[in-house]
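Close look at the chain arrangement
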Amino acid sequence: MTDLRNHLEGIAGPAVPPTMTEIDADLKRGRHALRRRRAVQVAGGSTFAVAALVAAVAFAGSGAQTPGDSPQAGAPAVAEGVTHLVAYTGKQPKGFTIDKAPDGWFVQADDESSLLLAPSRIKGKPGVDPSQDPLYDDRSFVGKIAVMLQSKDEQGPRDGKAVKVGDKDGVLVKSLDSTDGRTLWVKQPKGAYLLIQFWDGIGLSQDEMVVFGAGVHVNKDAKQGVG
Amino acid sequence: MTSERDQQFHDFVRARRAGLVRTATLLTAGDAHLAEDLVQSTLTKLYVAWPAFQRAHSPEGYVRRVLVNALTDERRRLWWRRERPTAELPDRPHTAAEPARGELDDGLRTALRDLPPKMRAAVVFRYFYDLDVAETADALGCSHGTVKSQTARALDRLREALQSNALFLRQGVTQ
């Protein structure tokens, strides 16, 4: 096996010592991931506490609640996390058309390959560096809804929840690295699936994801991406 | 302010990053970009789980396991895309890990690339790092029997893919 090892050595390449910049970047990523993990753990606990508080207040106030008794502390947190669908009235995108959109969202970018929806609150803020916030970057899917056809080099959906999307069959697949983010795969008559990626934390329920998907129509000019 | 964890991690990265990049390059059959992603992902996971890593019975084995898991995760993550797709791929320059090393290395790289990731990892750990079956099984999270069968099948496939290269057959995987 000596010769095999020699050739693998060639593929592995030389051992290049890391620069201080690389080491610092690794450290920064690690710290960020740890902070995020701890924040999620804390948020998880807080969510449970808020839910318990809301449940307790609702139970205690049932039958005798007045407007002044509403649980002010819990209400905003719940409201902020929920997004509802409304009829889409803006200009229709190119490769795809949509019947509904989350309330207060807009079409940030579209072409024959994909359609990107983002929250309207990011509009009208010139001077924000898109590289510092993916919401402002119209090439990034982070925090948004992305619509596309299945990539040419992509396999079919992984295991997920089978759903009926309008008159089509679909699968709602949870991402391995997300909590409530999902990708909806919708079988298309011509073969390639329609994919709708709902990023983590945008506040749509799974039912609303399916309703949104039922309102997405693939135009004849829509193209499959690659990579 | 630098914590003890930061300092230990910093020392670890300085000492081990180059080796991890080489291993990741082999696990990805010479894909330098993916290898860098794997290393970054592995190091991030190690930082988060630093106490567990330090308590590990075999820190070396722990790192190998995290690296292989990162490889598996990365392949699953391909569908969970973060950037817009395009209908056509842009032209890409040759990467540093893809120079013309000769027909033999190119052939081996292609043959490795055609292997399933875990089968490729089995070859790398067994025949590049000389790990025994138990250590390789630990890294891959599979049984000893699976390691044996995977490496045997991998060598068969490498042999088949490189059949046209008499030199390699004479000196390499057939012996």
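So, how was this worked out
- Residues numbered from 1 in each chain as written.
- Chains lettered and ligands numbered in written order.
- Predicted model: local features only at pLDDT ≥ 70, side-chain atom pairs only at ≥ 80, totals over all residues.
- Heavy atoms only, no water.
- Helix = DSSP H or I, 4+ residues; strand = E, 2+ residues; numbered from the N terminus.
- Buried < 20%, exposed > 50% of the residue type's maximum accessible area, 1.4 Å probe, protein only.
- Areas by Shrake-Rupley, 256 points an atom, 1.4 Å probe, with all protein chains shown as cover.
- pLDDT = per-residue confidence, 0-100.
- Contact = heavy atoms within 4.5 Å.
- Axes fitted to C-alpha atoms, helices over the stretch in contact; angles between N-to-C directions.
- Parallel < 35°, antiparallel > 145°, perpendicular 65-115°, else oblique.
- Left-handed = near helix turned anticlockwise from the far one by under 90°.
- Nonpolar A, V, L, I, M, F, W, Y, C, P; charged D, E, K, R; others polar.

1. Some words on the overall build of chain A
For chain A, the count of helices and strands is 4 helices and 11 strands. Evaluated residue by residue, chain A yields a buried proportion of 39% over its 227 residues. For chain A, the exposed surface amounts to about 12600 Å²; the carbon and sulfur share of it is 56%.

2. Some points on the environment of Arg121 of chain A
With respect to the element layout, Arg121 of chain A can be found in the loop between strand 5 (114-119) and strand 6 (145-149). Separated by 14 residues in sequence, Arg121 of chain A and Leu135 of chain A have C-alpha atoms that sit 10.0 Å apart.

3. Section: the confidence of the model for chain B
All names here are of chain B. Overall, the predicted model of chain B reaches an average pLDDT of 79, with 73% of residues at or above 70. Looking over chain B, one finds the lowest element-wise mean pLDDT in helix 9 (residues 166-171), namely 44, and the highest in helix 1 (residues 4-27), namely 94. With pLDDT under 50 throughout, residues 90-101 is counted as low confidence; its partners more than four residues away or in other chains account for 13 contacts. When the criterion is pLDDT under 50, residues 166-175 qualifies, and its contacts beyond four places in sequence or with other chains add up to 23 contacts.

4. Focus on the packing of helix 1 of chain B against helix 2 (residues 32-48) of chain B
Residues and elements named next belong to chain B. It is at 10 Å that the axes of helix 1 and helix 2 come closest, and there the two elements cross at 150 degrees. Accordingly, the angle class assigned to the pair helix 1 and helix 2 is roughly antiparallel. Crossing angle aside, the handedness with which helix 1 passes helix 2 is right-handed. Of the residues in helix 2, those touching helix 1 at Arg5, Asp6, Phe9, Phe12, Val13, Arg17, Leu20, Val21, Ala24 and Thr25 are Ala35, Glu36, Leu38, Val39, Gln40, Leu43, Leu46, Tyr47 and Val48. Each residue belonging to the contact of helix 1 with helix 2 can be placed in one class, and the counts come to 13 nonpolar, 2 polar and 4 charged.

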